[in-house]
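Chain by chain, the residues run as shown.
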Amino acid sequence: MINIPKGTKDVLPEESYKWHYVEGLIRELARTYGWREIRTPTFEHTELFLRGVGETTDIVNKEMYTFEDKGKRSITLKCEGTAGAARAFVENGLENQAQPTKMYYITPVFRYEKPQSGRLREHHQFGVELYGSDSPFAEAEVILTAKTLLNRLGIQELVLHINSIGCPVCRKDYNAALKDYFASRIDRMCPTCKERLNKNPLRILDCKVPECGEVAKDAPSTLDYLCGDCVTHMEKLKSILSGLNIPYVINPRLVRGLDYYTRTVFEFISQSIGAQSTVCGGGRYNNLVEEIGGKPTPAVGFGMGIERLMMVAEAEGASLGMPERPDIYIAPLGEEQIMPAYLLVQELRAKGIAAETDLMGRSLKAQMKYADKIRTNYIAVLGADERASGRIKLRNMNNGIEETIRLEDIAVRLGR
Ligand code: ATP
Ligand code: MG
């Protein structure tokens, strides 16, 4: 038989309710926080990710699913959500509308990674993007959205890490300091970092190779190189977070895996799962829109891994909604009742009741067993007597209580 590709997962019918639950929370949260959904294609021109995400990042270097289509165009499966959203923002002239623009998405993301717990080749992200505001309140809006969702899911053990990686003005001095620091130590580092040294030394700080991490420990801190404006921005954000009672830690090692960030970067890191513990990562990216051909537009956003989110929630004992159950199972008693039972079920369904009946030609006893297995809330047997009298006995499967009611009252009795 043909197996599922490595690093991908099936969501089976008995667990899909968890996804509905999480997506339902996200959509309700988006409604109250004013995020409107954007849906962009599952693939884009490779060029968009090269320019948007950056050629010295892990994603572009090693993880993209890139192929040539039949028209000889280089195409890449969505490897993150921000670049596509930014392209759509520019291409559709959303930059000419009243700002800010607040968009969210729930999307599959494809990365050729080494599969392990919390690391898939196809995962899903909930992301938000806020365009047009340079105010630290934009960061607050984005961070608060993530935080509120995490709280609503019942996740407690999360720490918000924040950092500022400066702007193009102060990044120059910082990059020079990093180059100086790493140049004398580069022999001990991985080949990718050797390449990064000249192209983008900041990326070295995000390297997952343990030896590189060891060397990076004592590297200069971005916070010592921020220009006046970047310091002010960071201080304002800190005071807003304090005003909102949102605890955070300053983590000068946090640089995040994509090139487009400026100033604020942040992550929510879980204490309750092992290595792959970052549930949500984001930050400000004031240069991306211009980079891909739009007007200079400040922006902030985050991406949150839904599989990891669910892992953390369950590790902390939160339940993700309830499995779906039929309201009622109508069991026909004898062959001549199959059609009447089927008609009754259609009538109930039309009134919004989740109703099931026999599709297998089972005996009554086998039907009872089956109805129990699918955890129906009520069960009722439809025989010649019931049809003659127009009355039927409902059995509540949760407490065993039985009551006889008129056939036409079933829907009302079940709350519809
Ligand atoms: P990491 O440092 O773990 O590789 P990243 O910096 O590549 O993460 P982002 O690109 O910021 O991650 O993606 C946002 C979120 O998406 C992550 O915080 C994580 O929750 C989730 N995520 C990223 N890659 C994967 C993956 N391969 N499998 C499952 N979830 C993922
Ligand atoms: Mg990664």
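Predicted model only: the values in this text are computed from it and were never measured.

Asks: I'd love a proper account of the sheet that holds strand 11 (residues 299–305), names of residues and values included.
Replies: One open sheet accounts for eight strands, arranged 1-5-6-11-10-9-7-8; its pairing is mixed. Sheet topology places strand 1 (36–37) and strand 8 (249–250) at the edges, where each strand pairs with a single neighbour. Judged from the seven bridges that link them, strand 7 (residues 158–164) and strand 9 (residues 264–270) form a sheet pairing that is antiparallel. By the bridge assignment for strand 9, His161 is matched with Glu267.

Asks: Tell me about the layout of surface pockets, and name the residues and values.
Replies: Of the voids in this model, the second largest pocket is the one considered here, and its volume is about 320 Å³. Lining of the second largest pocket is provided by 21 residues; of these, Arg171, Asp259, Tyr260, Tyr261 and Asn287 occupy positions nearest its centre. Contributing elements (two or more residues each) for the lining of the second largest pocket: helix 2 (46–52), helix 6 (168–183) and helix 10 (288–291). Counting residues per element, the lining of the second largest pocket draws most heavily on helix 6, which supplies four residues. When its residues are assigned to classes, the lining of the second largest pocket shows eight nonpolar, six polar and seven charged.

Asks: Which residues make up unusual backbone geometry, and what are the values?
Replies: The phi angle of most residues is negative, glycine excepted, and most peptide bonds adopt the trans form. A cis amide bond, omega 5°, links Gln99 with the succeeding residue Pro100. In the Ramachandran plot, Lys72 falls in the positive-phi region, its phi being about 65° despite a non-glycine side chain. Its place among the elements puts Lys72 in the loop between strand 3 (66–68) and strand 4 (74–77).

Asks: I'd love a proper account of the packing of helix 1 (residues 16–33) against helix 11 (residues 306–315), names of residues and values included.
Replies: Two elements in contact, helix 1 and helix 11, have axes separated by 12 Å at closest approach and are oriented at 105°. The orientation of helix 1 with respect to helix 11, classified from their angle, is roughly perpendicular. Here Lys18, Trp19, Val22 and Ile26 of helix 1 lie close against helix 11, whose contacting residues are Ile306, Glu307, Leu309, Met310 and Glu314. Here the contact of helix 1 with helix 11 is built from residues that sort into six nonpolar, no polar and three charged.

Asks: Go over the nonpolar core, please, and point to the residues and values.
Replies: In terms of nonpolar packing, the biggest core is built from 47 residues, with Tyr131, Phe182, Met189 and Leu205 touching the most fellow members. For this core, the secondary-structure elements that each account for two or more residues are helix 2, helix 3 (58–63), helix 4 (82–91), strand 5 (101–110), helix 6, helix 7 (191–199), helix 8 (210–216) and helix 10. Apart from residues lying up to four places away in sequence, Met189 is in contact with Phe182, Lys194, Ile204, Cys212 and Val215. Ile162, Phe302, Met310 and Ala318 belong to the second largest nonpolar core, which has 42 residues in total.

Asks: With reference to specific residues and values, describe the side chain of Asn251.
Replies: Here Asn251 lies in the loop between strand 8 and strand 9. Ignoring anything within four residues of it in the chain, the contact list for Asn251 reads His161, Ile162 and Asn163.

Asks: Explain helix 11 to me, and be specific about the residues and the numbers.
Replies: Of all 10 residues making up helix 11, seven are buried, and the element is well covered by its neighbours. Positive phi appears at Gly317, one or two residues downstream of helix 11, with a value of about 85°.

Asks: Please set out the domain arrangement of the protein chain residue by residue, giving values where relevant.
Replies: Each assigned domain of the protein chain is listed here: domain 1 (16–167 + 227–315) and domain 2 (328–413). Between the C-alpha centres of domain 1 and domain 2 the distance comes to 49 Å.

Asks: Pulling in residues and values, what's your account of helix 12 (residues 338–350)?
Replies: The terminal C-alpha atoms of helix 12, which comprises 13 residues, lie 18 Å apart, in line with the 18 Å expected from a rise of 1.5 Å per residue. Of the residues making up helix 12, those classed as buried are Pro340, Ala341, Leu344, Val345 and Leu348. Buried residues of helix 12 fall within an arc of 140° about the axis and therefore sit on the same side. For helix 12, exposure combined with an orientation more than 90 degrees from the buried face picks out Met339 and Ala350.

Asks: Before we move on, can you summarise the site of ligand 1 with the specific residues and values?
Replies: If you check the shell around ligand 1, you find 15 residues, and the closest are Arg111, Glu113, Arg119, Leu120 and Arg256. Within the side chain of Lys208, an N or O atom sits 3.0 Å from an oxygen atom of ligand 1. The separation between an oxygen atom of ligand 1 and a polar side-chain atom of Arg256 is 2.6 Å. Protein burial of ligand 1: of its 590 Å² of free accessible surface, 92% is covered by the chains. Sorting the residues of the shell around ligand 1 by element identifies strand 6 (122–131), strand 10 (278–284) and strand 11 as the ones contributing at least two each. At three residues, the largest contribution of residues to the shell around ligand 1 is made by strand 10.

Rules and cut-offs
- Residues numbered from 1 in each chain as written.
- Chains lettered and ligands numbered in written order.
- Predicted model: local features only at pLDDT ≥ 70, side-chain atom pairs only at ≥ 80, totals over all residues.
- Heavy atoms only, no water.
- Pairing = 2+ DSSP bridges.
- Helix = DSSP H or I, 4+ residues; strand = E, 2+ residues; numbered from the N terminus.
- 1 Å grid on protein atoms, 1.4 Å probe; cavity = no way out; pocket = protein on both sides within 12 Å on 5 of 7 lines; lining within 4 Å.
- Points joined across faces, edges and corners; volume = space filled by probe spheres on them.
- Nonpolar A, V, L, I, M, F, W, Y, C, P; charged D, E, K, R; others polar.
- Axes fitted to C-alpha atoms, helices over the stretch in contact; angles between N-to-C directions.
- Parallel < 35°, antiparallel > 145°, perpendicular 65-115°, else oblique.
- Contact = heavy atoms within 4.5 Å.
- Core = buried A, V, L, I, M, F, W, Y, C linked by side-chain atoms within 4.5 Å.
- Buried < 20%, exposed > 50% of the residue type's maximum accessible area, 1.4 Å probe, protein only.
- Domains from an automatic or database assignment.
- Expected span 1.5 Å × (residues − 1).
- Arc of directions from axis to C-beta.
- Near = heavy atom within 4 Å.
- Polar contact = N/O pair within 3.5 Å; in protein donor to acceptor, adjacent residues only side chain to side chain.
- Areas by Shrake-Rupley, 256 points an atom, 1.4 Å probe, with all protein chains shown as cover.

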